[in-house]
Amino acid sequence: MSHMVDLVIFGGTGDLSTRKLLPALFQLHRDKLADRLHRIIATGRAAIDTDAFREQACSNLQEFLPDGDWDEAVWQTFRERLFFARVDAGRAEDYQALAGLLDEGEAPGRLYYLATLPSLYGGICHQLSDAGVVNQHSSVVLEKPLGHDLASCREINAQVSEVFEEEATFRIDHYLGKETVQNLIAVRFGNPLFSPQWRNTFIDNVQITVAEDIGVEGRGGYYAKIGALRDMVQNHVLQVLSIVAMEPPASLRPADIRDEKMKVLRALEPMTPASAKENTVRGRYDAGAVNGTAVKGFLEEAEYQDEDSTETYVALKATINNWRWAGVPFYLRTGKRLSRRYSEIVIEYKKLPFSLFANDPNELINKLVIRLQPEETISLHTLNKKPGLTRGLRLQPVELNLTDESQNKNEKYDAYERLLLDAINGDQTLFMRRDEVETAWRWTDSIIAAWEENGTAIKHYNSGTMGPNAATALIAVDGRSWYE
Ligand code: BG6
């Protein structure tokens, strides 16, 4: 598997390509990591040619690369790898032209990255096949969301599978490419200290928070029809959950890891209209202030005024029915326009059966706090003696930092860099298998159906807060609180 690969991006002038893919490719090129990558062919309906595309890419990269990463000399060689092909997803002639361009490059491998509307994925794959540009060295990357429910997801998967084998299909969830998500596998399965305790006998509850301070950012057309449950929980949050909860895999091979994640998804208890009432909260942001700036509410934005059935926040209590996790609630929450951007997994250990110490042990519980962003840190919250001469032993919290501080910036890669590289190299470990995505949809659909049936109201929250009060109540009724 050492042939050269041409990468073809459908939706090549779109938001994802501009903000994430091209900056990631630039960085891989700069660090000489993408040695198998030959050309990058962006496609789209825009009436532009390669020169104009290169010009656009040049200014976009300067805007979207992390500060200090733009490099004129690197650009001069990177630009030579960029091409543009005008392709309207439904026009067979355009695929013929693309075939001509691919032939000129003589790279045997082809990686098709689909970042368009998911409803076009099946059609694009068939057009590629009809144009004769799918061979045994071809594979496809599918961006999320894969449909909007189980039925539409199945349909997309079925259409794509008529052209690409499962081994050549890479369903991306960029949360799996985040460094700390992979570090979680190392921490869980590399440390005899944690492994035996990673279960209901020792763990009281698990919390997963994916908080964003941004709003819908002009993606209203898509987001307004989708909402937070489908946009974030069905994929990112459930993928993180499945890595937190999975059994030790037989090996680190993709099939073994994905088998174990799959078992977790299958063990999630579906919601019913009755259980959804107690265990879910939907919210939508009103006006407020985020990071000191006044912002409008979702329904005050001109484009979203009619979208009063869209939630921008979800909090859930999920139950995993298996031996390891019976009795351990998984509290999940995600939302837009919250007070700050951070993603975190918190493992709260059980309280001691009896405390010898005078100060309240209720708030002082061992926790493992795994921060995915903006920082990538893992810390273990422990307790030791409060120093001094005061009478009686008192406890104080002490955080053990498990983060490798020596890691310098150059060793830190964006999730898309890692995932693009893995897809180019054919490594499926960090991509979702067909049955995983479909099982995640089955569970998500149970919530959507429950909401429809019981008419779950959307609660309001002010922008710049941590969500509706009902989310605090969801966990408080169990005598617990969100870790802030
Ligand atoms: C995307 C969602 O998948 O993830 C967006 O569609 C969200 O709504 C984004 O903003 C968050 O990604 P990250 O890496 O910034 O946490």
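No experiment lies behind these values; they were computed from the predicted model shown. (Residues numbered from 1 in each chain as written. Predicted model: local features only at pLDDT ≥ 70, side-chain atom pairs only at ≥ 80, totals over all residues. Heavy atoms only, no water.)

## A closer look at the sheet that holds strand β5 (residues 138-142)
Strand order in the open sheet formed by six strands is β3-β2-β1-β4-β5-β6, and the pairing between neighbours is parallel. The open sheet has two free edges, formed respectively by β3 (82-86) and β6 (169-171), since each of these has just one partner strand. On average, each strand axis in the sheet is tilted by 20° relative to the strand beside it, whichever way the strands run. Packed on one face of the sheet, helix α5 (residues 121-130) meets β1 (5-10), β4 (109-114) and β5 and runs near 155° to β4. (Pairing = 2+ DSSP bridges. Helix = DSSP H or I, 4+ residues; strand = E, 2+ residues; numbered from the N terminus. Axes fitted to C-alpha atoms, helices over the stretch in contact; angles between N-to-C directions. Contact = heavy atoms within 4.5 Å.)

## Observations concerning the pattern of salt bridges
Applying the stated criterion to the full structure yields 26 salt bridges. As a salt-bridge pair, R39 and D6 come within 2.9 Å of each other at their nearest N and O atoms. One end of the pair, R39, is in strand β2 (residues 37-44); the other, D6, is in strand β1, and 33 residues separate them in sequence. Since its relative accessible area comes to 7%, R39 is described here as buried. Put simply, R282 and E311 hold a salt bridge, and the shortest N to O gap is 2.7 Å. In this pair, R282 is assigned in strand β8 (residues 280-290) and E311 in the loop between β9 (293-295) and β10 (313-318), connecting sequence segments 29 residues apart. Residues participating in the shared-partner salt-bridge network are R30, D31 and D69. (Salt bridge = Lys/Arg side-chain N within 4 Å of Asp/Glu carboxyl O. Buried < 20%, exposed > 50% of the residue type's maximum accessible area, 1.4 Å probe, protein only.)

## Regarding the side chain of T310
Residue position: T310 is located in the loop between β9 and β10. In this structure the side chain of T310 is engaged in a polar contact, spanning 2.5 Å, whose partner is the backbone oxygen of A224. If we ignore the near neighbours within four places in the chain, the residues touching T310 are Y223, A224, G227, R284, F298 and I458. (Polar contact = N/O pair within 3.5 Å; in protein donor to acceptor, adjacent residues only side chain to side chain.)

## Regarding the site of the ligand
Near the ligand, the surroundings consist of 13 residues, among which Y175, E212, D231, H236 and Q373 are the closest. Here an oxygen atom of the ligand and a side-chain polar atom of Q373 are 2.7 Å apart. Contact with the protein chains hides 85% of the accessible area of the ligand, taken as 400 Å² for the molecule alone. For the shell around the ligand, the per-class residue count stands at three nonpolar, three polar and seven charged. (Near = heavy atom within 4 Å. Areas by Shrake-Rupley, 256 points an atom, 1.4 Å probe, with all protein chains shown as cover. Nonpolar A, V, L, I, M, F, W, Y, C, P; charged D, E, K, R; others polar.)

## Comments concerning the nonpolar core
In terms of nonpolar packing, the biggest core is built from 140 residues, with F10, Y112, W198, F330, I345 and I347 touching the most fellow members. A per-element tally of this core places helix α8 (residues 220-245) first, with 13 residues. When residues no more than four places from it in sequence are discounted, the contact partners of I345 are L184, V206, Q207, I208, V240, V244, L368, V369, I370 and L372. (Core = buried A, V, L, I, M, F, W, Y, C linked by side-chain atoms within 4.5 Å.)

## Remarks on unusual backbone geometry
Omega for the bond connecting K144 with P145 falls within 30 degrees of zero, at 0°, which places this linkage in the cis form. Locating P145 in the fold gives a position in the loop between β5 and α6 (150-161). A cis amide bond, omega 0°, links Q373 with the succeeding residue P374. Within the fold, P374 resides in the loop between β13 (367-373) and β14 (377-385). If you check the backbone angles, K32 has positive phi at about 55° while not being a glycine. Along the chain, K32 falls in the loop between α1 (15-30) and β2. Residue classification places K32 among the exposed residues on the basis of a relative accessible area of 71%. Here R337, not a glycine, exhibits a phi torsion of approximately 55°, which is positive. Turning to its location among the elements, R337 is positioned in the loop between β11 (330-335) and β12 (342-349).

## What to know about the packing of α1 against helix α11 (residues 415-425)
Relative to each other, α1 and α11 sit at 70°, their axes nearing to 8 Å. Judged on the interaxial angle alone, α11 and α1 are roughly perpendicular. Contact residues: L16, K20, L21, A24, L25, Q27 and L28 in α1; Y416, E417, L420 and L421 in α11. When its residues are assigned to classes, the contact of α1 with α11 shows eight nonpolar, one polar and two charged. (Parallel < 35°, antiparallel > 145°, perpendicular 65-115°, else oblique.)

## Details of the environment of I185
Tracing the backbone through its elements, the reader meets I185 in helix α7 (residues 179-190). Exposure remark for I185: the relative accessible area of 15% places this residue in the buried category. For the pair I185 and T280, spaced 95 residues apart in the sequence, the C-alpha separation amounts to 28 Å. Not counting the four nearest positions on each side in its chain, I185 is found in contact with G190, I243 and L252.

## Structural notes on helix α9 (residues 254-267)
Given a rise of 1.5 Å per residue, 14 residues ought to cover 20 Å, and the 20 Å separating the end C-alpha atoms of α9 matches this to within 8%. If you check which residues of α9 are buried, you get D256, I257, R258, E260, K261, M262, V264, L265 and A267. (Expected span 1.5 Å × (residues − 1).)

## Description of the packing of aromatic side chains
The way to describe two aromatic rings as a pair is by their centre distance and the angle between their planes. Tallied over the entire structure, the rule returns 13 aromatic pairs. With a centroid separation of 6.3 Å and 55° between ring planes, the pair formed by W75 and F78 is classed as tilted. One end of the pair, W75, and the other, F78, are both in helix α3 (residues 72-78), three residues apart, so they sit about a helical turn from each other. The same class applies to W75 as to F78, namely buried. Pairing W325 with F330 gives two aromatic rings, centres 5.3 Å apart and planes at 85°, and the pair type is edge-to-face. These aromatic residues form a ring-pair network of at least three members: F26, W70, W75 and F78. Just above the ring of F83 sits the side chain of R39; from NZ or CZ to the centre is 5.2 Å. (Phe/Tyr/Trp six-rings, centres within 6.5 Å; stacked < 30°, edge-to-face > 60°. Lys NZ or Arg CZ within 6 Å of the ring centre and 35° of its normal.)

That is the geometry; function is a separate question.
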